[in-house]
Amino acid sequence: MIGVGIAGLGAAGRAFVPAVRAHAGFALRAIADPSPDIRAELGADEALAIHPHLEAMLDDRSIDLVCIATPTEMHAAQAIAAFAAGKHVLLEKPMATTLAEARSVIEAGRRAGKVLLVGHSHSYDAPIARMRAVVESGALGAPRMANTLYFTDWVYRPRRPEELDVAKGGGVTFRQGAHQFDILRLLCGGRARSVRAKTFDLDPARSTVGAHVAFVDFADGAAATAVYSGYGHFPGAEFTFGIGEWGFPFAPEKPRAPAASPEEERRAKAERAKNAIPARAPHPPFFGLTLLACERGGIRQTPEGLAVHTREGVSTIAVPVDRSPRDLLFEELHDAITGRRAPLHDGAWALATLELCLAAMESSRTGREVALEHQCAPARPVAEGSR
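Residues numbered from 1 in each chain as written. Predicted model: local features only at pLDDT ≥ 70, side-chain atom pairs only at ≥ 80, totals over all residues. Heavy atoms only, no water.

**Here's the deal with the environment of Ala219**
- Secondary-structure assignment places Ala219 in the loop between β9 (211-218) and β10 (223-229).
- We classify Ala219 as partly exposed; its relative accessible area is 37%.
- Linking Ala219 and Val4, residues 215 residues apart in sequence, is a C-alpha distance of 39 Å.
- Sequence-distant contacts of Ala219, defined by excluding residues within four places in its chain, comprise Arg191 and Arg193. (Helix = DSSP H or I, 4+ residues; strand = E, 2+ residues; numbered from the N terminus. Buried < 20%, exposed > 50% of the residue type's maximum accessible area, 1.4 Å probe, protein only. Contact = heavy atoms within 4.5 Å.)

**Quick look at the sheet that holds strand β1 (residues 2-7)**
- If you walk across this open sheet you meet the 6 strands as β3-β2-β1-β4-β5-β6, and the pairing is parallel. The sheet is open, and its two borders are formed by β3 (49-51) and β6 (116-118), each paired with just one other strand. Strand-to-strand twist in this sheet, taken as the mean axis angle between neighbours without regard to direction, amounts to 25°.
- In terms of strand pairing, β1 meets strand β4 (residues 65-68) through 4 bridges, oriented parallel. Considered in β4, the bridge of Ile6 is made with Cys67. (Pairing = 2+ DSSP bridges. Axes fitted to C-alpha atoms, helices over the stretch in contact; angles between N-to-C directions.)

**Section: the nonpolar core**
- Within the largest apolar cluster, 107 residues are counted, with the highest numbers of intra-cluster contacts made by Met95, Val195 and Phe330.
- At 10 residues, the largest contribution of residues to this core is made by helix α12 (residues 347-366).
- Not counting residues up to four positions away in its chain, the partners in contact with Val195 are Ala214, Phe215, Val216, Leu356, Ala359, Ala360, Ser363, Arg368, Glu369, Val370 and Leu372. (Core = buried A, V, L, I, M, F, W, Y, C linked by side-chain atoms within 4.5 Å.)

**Comments concerning the packing of aromatic side chains**
- Using the criterion set out here, one finds 9 aromatic pairs in the structure.
- Note on Phe26 and Phe330: the rings are 5.4 Å apart at their centroids and 80° apart in plane angle, and the pair reads as edge-to-face. In this pair, Phe26 sits in strand β2 (residues 26-32) while Phe330 sits in helix α11 (residues 325-337), placing the two residues 304 residues apart along the sequence. Each member of the pair Phe26 and Phe330 is classed as buried.
- These aromatic residues form a ring-pair network of at least three members: Phe16, Phe26 and Phe330.
- The residue whose ring lies beneath Arg159 is Trp154, and the NZ or CZ to ring-centre distance is 3.9 Å. (Phe/Tyr/Trp six-rings, centres within 6.5 Å; stacked < 30°, edge-to-face > 60°. Lys NZ or Arg CZ within 6 Å of the ring centre and 35° of its normal.)

**Description of the packing of helix α5 (residues 99-112) against α12**
- Where α5 meets α12, the axes come as close as 10 Å, and the angle between the chain directions of the two elements is 175°. Our classification of the angle between α5 and α12 gives roughly antiparallel. For the pair α5 and α12, contact is made by Leu99, Ala102, Arg103 and Ile106 and by Gly347, Ala348, Leu351, Leu354, Glu355 and Leu358, respectively.
- Residues that form the contact of α5 with α12 fall into these classes: 7 nonpolar, 1 polar and 2 charged. (Parallel < 35°, antiparallel > 145°, perpendicular 65-115°, else oblique. Nonpolar A, V, L, I, M, F, W, Y, C, P; charged D, E, K, R; others polar.)

**Considerations on the pattern of salt bridges**
- Going through the model one piece at a time under the given rule, you end up with 17 salt bridges.
- Glu136 is the salt-bridge partner of Arg132, the closest N and O atoms lying 3.5 Å from each other. Of this pair, Arg132 and Glu136 both sit in helix α6 (residues 126-137), 4 residues apart, roughly one helical turn.
- We classify Arg132 as buried; its relative accessible area is 12%.
- On the accessibility criterion, Glu136 (32% relative accessible area) is partly exposed.
- Residues Arg340 and Asp335 are paired through a salt bridge, measuring 3.1 Å at the closest nitrogen-oxygen approach.
- When its relative accessible area of 5% is taken as the criterion, Asp335 is described as buried.
- Each of Arg159, Arg160, Glu162, Glu163 and Arg175 takes part in one network of salt bridges that share partners. (Salt bridge = Lys/Arg side-chain N within 4 Å of Asp/Glu carboxyl O.)

**Some details on empty space enclosed by the protein**
- Per the counting criterion, the structure on display carries 4 cavities of 30 Å³ or more.
- Roughly 110 Å³ of volume is contained in the second largest cavity.
- Taken together, 13 residues make up the lining of the second largest cavity; nearest its centre are Lys93, Val118, Asp182, Ala350 and Thr353.
- Contributions of two or more residues to the lining of the second largest cavity are made by α9 (177-187) and α12.
- Tallying contributions element by element places α12 first for the lining of the second largest cavity, with 4 residues.
- A breakdown of the residues in the lining of the second largest cavity according to their chemical character gives 7 nonpolar, 4 polar and 2 charged. (1 Å grid on protein atoms, 1.4 Å probe; cavity = no way out; pocket = protein on both sides within 12 Å on 5 of 7 lines; lining within 4 Å. Points joined across faces, edges and corners; volume = space filled by probe spheres on them.)

**Considering the sheet that holds strand β8 (residues 192-200)**
- Within the open sheet, the 9 strands sit side by side as β14-β13-β12-β11-β7-β10-β9-β8-β15. Their pairing is mixed. The sheet is open, and its two edges are formed by β14 (313-318) and β15 (370-371), each paired on a single side.
- Across 7 bridges, β9 lies against β10 in antiparallel orientation. Bridged to His212 within β10 is Tyr228.

**Notes on the pairing of β8**
- Of the strand pairs in this sheet, β8 and β9 are connected by 8 bridges, and their pairing is antiparallel. Paired with Ala197 across the two strands is Ala214, which belongs to β9.

Written out as structure tokens, the structure reads:
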């Protein structure tokens, strides 16, 4: 049994809890969070050790794996500390704010001889993994064009100031582009060659990178686009059959005004986190709409799974909803720790996705295409993720 401690009980950290408890190979043993309210909320669970910060949790010898879901600017230092304490690490995306930090995390894991997995990213979503399985089958030939787009109200949701500060890993290209670039890299062979992008800061009262358009050229011959806007101008579910990010019918909300004070904003964020990511859903998840065109056909998402378009007509692939994306994450993680298979979402994969995020923003600043140096192909076939 692999003992688990979770650091950071925001939306991401809370979403880890049901997935850990659903897997027979893991046991949730500790939580670390600086918020007294969150610690008091969880303190009634006598099976959990409750800590005010990660460092206190690292001394617990019953913990083999630390899930780090703290603010992005803390990821690198905390992951390195966890490796130094002899723990495996699951690190939320993006893995760091700079490539130097990311390389330091990878090296720390290598020295410790421990597993590093970086997620959640929406390349874990069963429809995306199933798309990749179709590509790997060779039935449609090689990927040639991939397009993913999403419109949300990300900018106007409750936010800590750091989440809007690009220097600390904030803004949609870091936080949401990481999902999109992970999806595109998975579908197009992983080895992106260059990116040309434009980012947008459209609201001085809520200043951040709030939208982007990116064109990615791949070494294997594919080209891809990523479009994201967090300004709430369009209801994104109009493109996803009325289904939201986590597979539930989408209930549109008007973009909210920022809270009157940072403290009120933090309270609103903490309240939203309690129910932000449900564990089970009636439909496969939709992180926007992703379309993949191959040499002999195309694939798109549907409310039940996928539609495959060829000259012979349209066929459908049902995608099961019995396991959430984070269930698939912990399956990959358990297999990596127990040596059953090499992880896809390891440090090298996450470094390549982070490079794309950084390069997209550099391209927007300079107005130039940016060449990429740290890209890699998927470490293994990913068909298992769609079972």
